There are 2 protein chains.
Amino acid sequence: MSSKLTVDRAQSESVQEAVVSSILSERKVIDPDTYFDDNKPPANLRWANGRVSEFVAQQPKERPIALVTSGGTTVPLENNTVRFVDNFSAGTRGSSSAEQFLASGYAVIYLYRDQSLQPFNRHYSHNPDGVLGYLDIVDGKVVVKPEWAEQMHRDLELFKRYKNANQLLMVSFTTLSDYLFLLREISLILAPLGPRAMLYLAAAVSDFFIPTHIMAEHKIQSGSGDLTLRMNQVPKFLRPLVKNWVPRCFIISFKLETDSELLAPKARHALEKYGHQIVIANLLHTRKWQVWLFTNSEPEPYLLQISKEDIENNRDIEHYLVVELARRHQEYISNSNQL
Amino acid sequence: MSSKLTVDRAQSESVQEAVVSSILSERKVIDPDTYFDDNKPPANLRWANGRVSEFVAQQPKERPIALVTSGGTTVPLENNTVRFVDNFSAGTRGSSSAEQFLASGYAVIYLYRDQSLQPFNRHYSHNPDGVLGYLDIVDGKVVVKPEWAEQMHRDLELFKRYKNANQLLMVSFTTLSDYLFLLREISLILAPLGPRAMLYLAAAVSDFFIPTHIMAEHKIQSGSGDLTLRMNQVPKFLRPLVKNWVPRCFIISFKLETDSELLAPKARHALEKYGHQIVIANLLHTRKWQVWLFTNSEPEPYLLQISKEDIENNRDIEHYLVVELARRHQEYISNSNQL
């Protein structure tokens, strides 16, 4: 990566460091614990606490529970938010995986970015005519177009069944801050379940943010030419999550890169640093048919890929991935019980 | 606006200017015309050209045509895009206005951000259960829930009628670059229509971007601490649009601010600078019930606002706004014919 951006960044940093000494104290990565003191919790935090506690309490004792996070987080650039930095993620991985976890007998808490893909709904987001594109008027009544009728019936039936059986709970977020508060809250509720709970952290979390107190109050004006944004690194929340929030749960994190050479070293590094169970590594351009499972007990990653035929038959890689993860999760539960 | 960001920006700029002289040439606002030479056109540009030309040719001679732009543009931070800066806009103003223009007898070209609100579909995007939340299974068949049946029937009927009558054409974009290419292309097709064409530029266009050639190739790494992003100002495309692309059309631009003191001076400034017909000024937090119309012929802005009762009865401000604009557009057409 020899881009100019890198060079500029280094130059601007060294120059600023020499001059703007008063800002230096803000430049190191902040402590994950202090993050929650400095930021405002989302409006749905108390609701989520109540609903998740109730949901967990109502599950049969033998049923495993998965927290599936999905979609990208946003980082506001202004307090009166007009602009924000967004992380690319439609929520395909998370929404497809949630369906497979349900089919595998899990109770699923789906923590997703508002307006990103949801389980069962995910097939109905690509019509250029929107929702109405799936519908028609026949004999004065609104009906589903024939080409969608069968699939929509199946998806709606499953969606209703899982919701009515209390097997699926959906909680939404928008900003990085919303996500982190909700992740901690739900984790702490799952912690007492120990190995029975899985955390499947598929959401694309921002790496950089602008702390509230140095954020512009109003819309940034463009009259003065260029804009230089200095963003702080987001603290690595996987550390307190693994170490303090849910130390006995089964934790799966993701690593998405565009440069294939960085993938394995970064996956290994995460495992060593945080000490959780699995890193699923994938590349932006092949993520729909190839993923690698990294663990601390296996010297080589476990490659999972689907064929062209699978893709043509609308079979998702998440089908195989979740079956494999559920198997490993069962082993983890058994091993924990033997201790 | 006494935020630290402003201070940092000034400091960092002055410091950088003294040191990083090689970058100076990139720091001035680029010429709108050269923008199109340096950036790649969107995949749907040729399709859009064909469809818009056909659409315009098929309209009855007396029918006015409105190009309605809607939704926010994104600015990629990396060439292999994982992150981007987004401008806040759900597309409420644009989608609601498009419906009103259709009701007022206009042919509408709706240039909108992919996944943002669309006319008639806009009422079906807020259900936490997604598309499936509007549907139910009764006697083994998928049907619209009773509470939505009437409205959905009305919206679907109107949507189908306008589409079948060739009165509504939808063209989508995602990035700033997509938007600018499509805006120019469609403008040039509308130009020969002169006063009969209105441009209603409600899209929230990014003010800053990172030129392709200095963009990072791969996902920006967070290991090295802070990130400093230097973004260039987007050239003001309203200038060539008014002056060169559609000099005889009726042009309406928008000014959205969060600071009320900036609103009037910025609206006046835009009118003086570009010389088009109307600036619609609005504040982020009151935009759904208050807008001000600024023109060069009136010393005071024309205030348009709706009542609490209107809002409770689901009446949009766009209803009154579009009626007022259509009236002014007719005057403009009449005056142009008398010349």
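All values reported here derive from a predicted model rather than from experimental measurement.

Peer 1: For the sheet that holds strand β3 (residues 83-87) of chain B, give the residues involved together with the corresponding values.
Peer 2: Read from one edge of the open sheet, 4 strands run β2(A)-β3(A)-β3(B)-β2(B), paired in antiparallel fashion. A single partner strand is all that each edge strand has here, and the edge strands are β2 (74-76) of chain A together with β2 (74-76) of chain B. On average, each strand axis in the sheet is tilted by 25 degrees relative to the strand beside it, whichever way the strands run. Where strand β3 (residues 83-87) of chain A and β3 of chain B come together, 5 bridges link them in antiparallel fashion. By the bridge assignment for β3 of chain B, F84 of chain A is matched with D86 of chain B.

Peer 1: Could you give an account of the pairing of strand β5 (residues 135-138) of chain B, naming the residues involved and the relevant values?
Peer 2: Residue and element names in this part refer to chain B. Examined bridge by bridge, β5 and strand β6 (residues 141-144) share 4 bridges and lie antiparallel to one another. Of the residues in β6, the one forming a bridge with V138 is K141. From the end of β5 to the start of β6, which pair antiparallel, there are 2 residues, and D139 there has a positive phi angle of about 50 degrees.

Peer 1: Break down helix α3 (residues 45-57) of chain B for me, with residues and values.
Peer 2: Side chains three or four residues apart in an α-helix point the same way, a direct result of the helix having 3.6 residues per turn. Residues and elements named next belong to chain B. For α3, built from 13 residues, the straight-helix expectation of 18 Å at 1.5 Å per residue is met to within 8% by its first-to-last C-alpha distance of 18 Å. Those residues of α3 that fall on the buried side of the exposure criterion are L45, A48, V52, F55 and V56. Here the buried residues of α3 occupy an arc of 90 degrees about the axis, which is enough to place them on one side. α3 presents R46 and A57 as exposed residues on the side facing more than 90 degrees away from its buried surface.

Peer 1: A description of the environment of Y274 of chain B should follow, citing residues and the corresponding values.
Peer 2: Residues and elements named next belong to chain B. Within the secondary structure, Y274 sits in helix α8 (residues 260-274). For the pair Y274 and L238, spaced 36 residues apart in sequence, the C-alpha to C-alpha distance is 6.7 Å. Not counting chain neighbours up to four residues away, the residues in contact with Y274 comprise K236, L238, R239 and V242.

Peer 1: Got a sec to walk through the nonpolar core? Specific residues and values, please.
Peer 2: The biggest cluster of nonpolar side chains holds 116 residues, and the ones touching the most others in it are I109, L190 and L241 of chain A together with I109, L190 and L241 of chain B. Dropping the residues within four chain positions of it, L190 of chain B is found in contact with V56, I65, L67, I109, A197 and C249 of chain B. Within the second largest apolar cluster, 83 residues are counted, among which are Y124 and A326 of chain A together with Y124 and L293 of chain B.

Peer 1: Hey, could you go over the environment of V242 of chain B for me, with residue numbers and the actual values?
Peer 2: In this structure, V242 of chain B sits in helix α7 (residues 238-245). As for V242 of chain B and G275 of chain B, which are separated by 33 residues in sequence, their C-alpha atoms are 7.3 Å apart.

Peer 1: Account for a positive patch on the surface, naming residues and giving values.
Peer 2: A cluster of basic residues, K236, R239, K243 and K273 of chain A, forms a positive patch on the protein surface. Along the chain, the position of R239 of chain A falls in helix α7 (residues 238-245).

Peer 1: Any chance you could break down the pattern of salt bridges for me, citing the residues and the numbers?
Peer 2: Evaluated as defined, the whole model comprises 24 salt bridges over all chains. A salt bridge links R327 of chain A to E324 of chain A, with the nearest nitrogen and oxygen atoms 2.9 Å apart. Taken together, the residues R327 of chain A and E324 of chain A, both in helix α10 (residues 317-338) and 3 residues apart, mark about one turn of the helix. Owing to a relative accessible area of 42%, R327 of chain A belongs among the partly exposed residues under this scheme. By relative accessible area, which is 9% here, E324 of chain A ends up buried. Here E318 of chain B and R93 of chain B are joined by a salt bridge, their closest N and O atoms 2.9 Å apart. Residue E318 of chain B is located in helix α10 (residues 317-338), and its partner R93 of chain B is located in helix α4 (residues 92-103); the two are separated by 225 residues in the primary sequence. When sorted by exposure, E318 of chain B lands in the same class as R93 of chain B, which is buried. Because the salt bridges share partners, they merge into one network encompassing E298, E324, R327, R328 and E331 of chain A.

Rules behind the numbers
Residues numbered from 1 in each chain as written. Chains lettered and ligands numbered in written order. Predicted model: local features only at pLDDT ≥ 70, side-chain atom pairs only at ≥ 80, totals over all residues. Heavy atoms only, no water. Pairing = 2+ DSSP bridges. Helix = DSSP H or I, 4+ residues; strand = E, 2+ residues; numbered from the N terminus. Axes fitted to C-alpha atoms, helices over the stretch in contact; angles between N-to-C directions. Expected span 1.5 Å × (residues − 1). Buried < 20%, exposed > 50% of the residue type's maximum accessible area, 1.4 Å probe, protein only. Arc of directions from axis to C-beta. Contact = heavy atoms within 4.5 Å. Core = buried A, V, L, I, M, F, W, Y, C linked by side-chain atoms within 4.5 Å. Patch = residues over 30% accessible without salt bridge, like charges linked within 9 Å, V, L, I, M, F, W, Y side chains within 5 Å. Areas by Shrake-Rupley, 256 points an atom, 1.4 Å probe, with all protein chains shown as cover. Salt bridge = Lys/Arg side-chain N within 4 Å of Asp/Glu carboxyl O. Lys, Arg positive; Asp, Glu negative; His and termini not counted. Charge placed at Lys NZ, Arg CZ, Asp CG, Glu CD.

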